[in-house]
Amino acid sequence: MTLAHVQERSMRRGHIKLVLLIAAGVMPLLSRTAIPQVIDQGKAAKVKAAYIYNFGKFVTWPDTAFQDESAPVVIGVIGSQSFVDILDDTVRGKTVRGRKLLVKRVKFEKGKRVDGLRSCHILYISPSERDREHTILRALDKASVLTVGDEESFATNGGMIGLALREGRVVFYVNREAVKDAELKLSAKLLKLARLVRSHKRSKVST
Amino acid sequence: MLWFRDLSFGTKIVLYSTLASAVALCLVVGSTSVFHAIDHRRVAVRTLTVQADVLAVNSTAALTFDDPTAAEESLRGLEAEPYIVHACIHHKNGEPFADYRRDGKREPRPYMLEEPGHCFEGNSLIMVRPIVLDGERIGTIHIKYELTAVYAHLKRQCVIAGVVMLLSMGVAFLLSAKLQGTLVRPVTELATIAKTISEEKDYSVRAVRYGQDELGRLTDAFNEMLEQIQDRDTALQRAREGLEVRVRERTAQLTKANQSLQVEIAERKQAEQKLEELHRQLLDASRQAGMAEIASGVLHNVGNVLTSASVSVWLAAEKTRKSRVSGLAKATELMSQHADDLGTFITADEKGKQLPAYLTKLAEHLTAEQAAILEELASLQDNIEHIKSIISMQQSYAGIAGVVEPVTISDVLGDVLKMNAASFERHRIQVVQDYGEMPPPVLDKHKLLQILVNMIKNAKYAMIDRGGQDKRLTLRVRPGEEDRLQIKVIDNGVGISEDNLTRIFASGFTTKKDGHGFGLHSSALMATEMGGSLTGSSDGLGKGATFTLELPVQPAEVSR
């Protein structure tokens, strides 16, 4: 089940909550009446973008992850430019722990330097890169980058947080091992909400 | 509070101390309770703030990632706190997100506070805190806290405090009742001794001192005071003894002085008696002078009458001497010469012829003569009667002084007028008698006469002195006030000057050339002796005078 199905599930059970979630976390200026009854693909992407942004608030990076106090939190996106735009809209004017947010589209090519990836603080790997996700994750090699992807499998494949839609609600799977290896700290509050998973042996990130 | 004043000292002390401890305990319990209530509220607010904040922090993720279940799970942690009856989390826009109810009941009405803060509503404390994530407010948490337990606790505390207070008061009462003896005994003893002293006047007793405190000092002061009183008493006693000696001395002096005073009084009395004697003699003299006046009046009147009597006698003698009886004798002699031829003589003789006519004329003449002489004799007889009456009148007033009898005033006045009749006639004085009706008063006729004689004589002289015509004397008798009568002698003579009005009754004062000045003085004295008064008035010189004699109708009980 993908986020694209959010619409019908929401309609069935918890779309109000989702809408509220958007209103509270993503679009505080948007009034309830202005929210259309039909949530399209774009809306689902916005929800995802909000989640990615909010995760930043519950993550603690090591001090070495930032050059100085004013360095922004960089959110990298491997995927379509349209999502980059949506994410950019979401975080515009917002901060995480006093830091500004910078969204950029990054590219991964096998065998090339991955500095661009490692300089990110949050990296979203879209489902279109599923085939390469394992390679990408390995390339990061314990860099302090919070990796976010889709579905439980992302987490079990060595990613840190996998977003999924369950019973009309957005849930997320967290691989604490991966988080720990990257010297990141996730808030207990977040972990309380998360569904914890472990890496498959096959896909376990090895040193 | 009047009843309180009469309570004994000991009772007052017990009551005071019990009251004081009660008041103190009340204040302590009251202030403690108030403080507790305030403190409990403050503590509740603080605790609840902390609790709400903890929940808020813990709910950030749940709120952010839309997980009300997780949030409600967090809220269920409040079950440990029995007085939190309701808690809920709202989205920033007010939509409910998570809810916790202790008893499962629904809240009857929404909370009053929409903004962060707290308020007390009835027995509840409502706490509203914001849920903030990374500096951004994402929701609100409400918690309702029941304060009933706090109040119940306070109530319990108050009850306990009340019981403790009663116990304390009891203890205070017992203690003060036990201890008041040490305070009260010296005071009671002082009071007893003071009472004994005031009753027995024995200042030699002393109070026993019980300690060095204020009461001990009071006892000392009391004893010292007694000592001073005793000293003063002794001094007073000595002074009193000295005083007695002085009083005795003074009394002796006074007695002596009194004796000399009595001697002096006796001497004065003698002198007074002498004076009285002199006065009486003077009065007698004046009375005798008055008598002389009357006597001289009488003699004068008698003299006057005698003059007219002698005139009558002289006239009668003259008429008798010059009588024509000799003519008769000649006629009879002529007739006897012609006795023989009487008829012829009468008819023929020239002389004889005239004889009858002569005789007739002679008879007429003699008859007239006889009548004239008879008239003179009658006049003489009148005069003699007059003299007789004057003398008898004098006799009627003489030698009967001091005897009172009913007197007819008009008669006495008539007598006085008779005495003066000749001079009134001579000076052509008109007398007006105006006597009112009244019963005859009982009085000393002699004195009255003397007074009236004096009054009328004065009036007469006043009018003679004035001279001129129309001299009028008015005598007016009228009943006066209160059994008195008034006799007024009114003249139109020279009058009395204002200066002299006050002096006319003084002894020795007179305006007459040959007056002795006793007349009015003795008259006034006699009027006083008779219980009456003599007053004079005048409108001034030349305007006449009025003298008024007022006398009682009955003689005064005590005259003089």
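Everything numeric in this text was worked out from a predicted model, so none of it was measured. (Residues numbered from 1 in each chain as written. Chains lettered and ligands numbered in written order. Predicted model: local features only at pLDDT ≥ 70, side-chain atom pairs only at ≥ 80, totals over all residues.)

Comments concerning the overall build of chain B
- When helices and strands are counted, chain B shows 12 helices and 12 strands.
- The buried share of chain B, reckoned over its 560 residues, is 22%.
- For chain B, the share of sequence-separated contacts (at least 6 apart) that also reach a separation of at least 24 residues comes to 69%. (Helix = DSSP H or I, 4+ residues; strand = E, 2+ residues; numbered from the N terminus. Buried ≥ 20, exposed ≤ 12 C-beta atoms within 10 Å, placed from the backbone. Contact = placed C-beta atoms within 7 Å.)

What about the overall build of chain A?
- The secondary structure content of chain A amounts to 8 helices and 10 strands.
- Per-residue burial for chain A yields a buried fraction of 43% across its 207 residues.
- Sequence-distant contacts, at least 24 apart, represent 63% of the contacts inside chain A between residues at least 6 apart.

Notes on the nonpolar core
- Among the nonpolar cores identified, the biggest contains 86 residues, and A:Ile52, A:Ile75 and A:Leu87 are the most heavily contacted of them.
- Setting aside residues no more than four positions away along its own chain, A:Leu87 makes contact with A:Ala49, A:Ile52, A:Ile75, A:Val77 and A:Val103.
- Grouped together as the second largest cluster of nonpolar side chains are 36 residues, B:Ile451, B:Leu452, B:Leu485 and B:Phe547 included. (Core = buried A, V, L, I, M, F, W, Y, C linked by C-beta atoms within 7 Å.)

Considerations on helix 12 (residues 519–529) of chain B
Residues and elements named next belong to chain B.
- Counted residue by residue, helix 12 has 9 buried out of 11 residues, so it is predominantly covered.
- Buried within helix 12 we find Gly519, Leu520, His521, Ser522, Ser523, Ala524, Leu525, Met526 and Ala527.
- Two residues or fewer past helix 12, Gly531 is found with a positive phi of approximately 85°.

Structural notes on the sheet that holds strand 7 (residues 429–435) of chain B
All names here are of chain B.
- Strand order in the open sheet formed by 5 strands is 7-9-10-12-11, and the pairing between neighbours is mixed. Edge positions in the sheet fall to strand 7 and strand 11 (533–538), since each has one partner strand and no second. The mean inter-strand angle of the sheet, taken between neighbouring strand axes irrespective of direction, is 15°.
- Summarising the sheet, strand 10 (residues 484–491) and strand 12 (residues 545–552) pair through 8 bridges and their orientation is antiparallel. When the bridges of strand 12 are listed, Ile490 appears paired with Thr546. (Pairing = 2+ DSSP bridges. Axes fitted to C-alpha atoms, helices over the stretch in contact; angles between N-to-C directions.)

Quick look at the environment of B:Val28
- Note that B:Val28 resides in helix 2 (residues 9–64).
- For the pair B:Val28 and B:Ala161, spaced 133 residues apart in sequence, the C-alpha to C-alpha distance is 9.2 Å.

So, the packing of helix 2 of chain B against helix 3 (residues 68–76) of chain B
All names here are of chain B.
- Remark: helix 2 packs on helix 3, axes separated minimally by 8 Å, with the N-to-C direction vectors making an angle of 165°. Between helix 2 and helix 3, the angle is such that the two are roughly antiparallel. As for the relative orientation of helix 2 and helix 3, their crossing is right-handed in sense. Every residue of helix 3 that contacts helix 2 at Leu55, Asn58, Ser59, Ala62 and Leu63 is listed here: Pro68, Ala70, Ala71, Ser74 and Leu75.
- Taken together, the residues that form the contact of helix 2 with helix 3 break down as 7 nonpolar, 3 polar and no charged. (Parallel < 35°, antiparallel > 145°, perpendicular 65-115°, else oblique. Left-handed = near helix turned anticlockwise from the far one by under 90°. Nonpolar A, V, L, I, M, F, W, Y, C, P; charged D, E, K, R; others polar.)

Some words on the packing of helix 10 (residues 445–466) of chain B against helix 12 of chain B
All names here are of chain B.
- The interhelical angle for the contact between helix 10 and helix 12, taken along N-to-C directions, is 145°, at an axis separation of 9 Å. Read as a crossing pair, helix 10 and helix 12 show a hand that is left-handed. In contact with Lys447, Gln450, Ile451, Asn454, Met455 and Asn458 of helix 10, helix 12 contributes Gly519, Leu520, Ser523, Met526 and Ala527.
- For the contact of helix 10 with helix 12, the class distribution of residues is 5 nonpolar, 5 polar and 1 charged.

With respect to the environment of B:Asn304
All names here are of chain B.
- Here Asn304 shows up in helix 5 (residues 214–321).
- Its 19 C-beta neighbours within 10 Å are what place Asn304 among the partly exposed residues.
- For the pair Asn304 and Ile387, spaced 83 residues apart in the sequence, the C-alpha separation amounts to 9.4 Å.

Regarding unusual backbone geometry
Residue and element names in this part refer to chain B.
- Here Asp66, not a glycine, exhibits a phi torsion of approximately 55°, which is positive.
- Here Asp66 is to be found in the loop between helix 2 and helix 3.
- Even without being a glycine, Arg428 presents a positive backbone phi close to 50°.
- The topology assignment puts Arg428 in the loop between helix 9 (409–426) and strand 7.
- In this structure Arg428 comes out as exposed when scored by C-beta crowding, with 10 C-beta atoms within 10 Å.

Some details on helix 10 of chain B
Residues and elements named next belong to chain B.
- The end-to-end C-alpha distance of helix 10, which contains 22 residues, comes to 31 Å, matching closely the 32 Å that a straight helix rising 1.5 Å per residue would cover.
- When you tally the buried positions in helix 10, you get 18 out of 22 residues, the bulk of the element.
- Gly467 sits one or two residues past helix 10 and shows a positive phi near 75°. (Expected span 1.5 Å × (residues − 1).)

Looking at the confidence of the model for chain B
- Of all residues in chain B, 93% attain a pLDDT of 70 or more, and the chain-wide mean is 83.
- In the predicted complex, the global pTM is 0.45; the interface-specific ipTM is 0.71. (pLDDT = per-residue confidence, 0-100.)

With respect to the sheet that holds strand 5 (residues 136–146) of chain B
All names here are of chain B.
- Reading across the sheet, the 5 strands line up as 2-1-5-4-3 and stay open at both edges, with antiparallel pairing between neighbours. The sheet is open, and its two borders are formed by strand 2 (96–101) and strand 3 (117–121), each paired with just one other strand. Across this sheet, the average inter-strand angle for adjacent strands is 15°, counted without regard to direction.
- Relative to strand 4 (residues 124–133), strand 3 is paired through 5 bridges, and the arrangement is antiparallel. Counted as the bridge partner of His118 is Met127 from strand 4.
- Across the face of the sheet, helix 3 comes into contact with strand 1 (84–91) and strand 2 while running at roughly 30° to strand 2.

What to know about the pairing of strand 2 (residues 73–78) of chain A
Residues and elements named next belong to chain A.
- Across the 6 residues that make up strand 2, a large majority, 6, are buried.
- Here strand 2 shows no split at all, with Val73, Ile75 and Val77 on one side and Val74, Gly76 and Ile78 on the other all buried.
- Across 5 bridges, the pairing between strand 2 and strand 4 (residues 99–105) is parallel. In the strand pairing of strand 4, Val74 is matched with Leu102.

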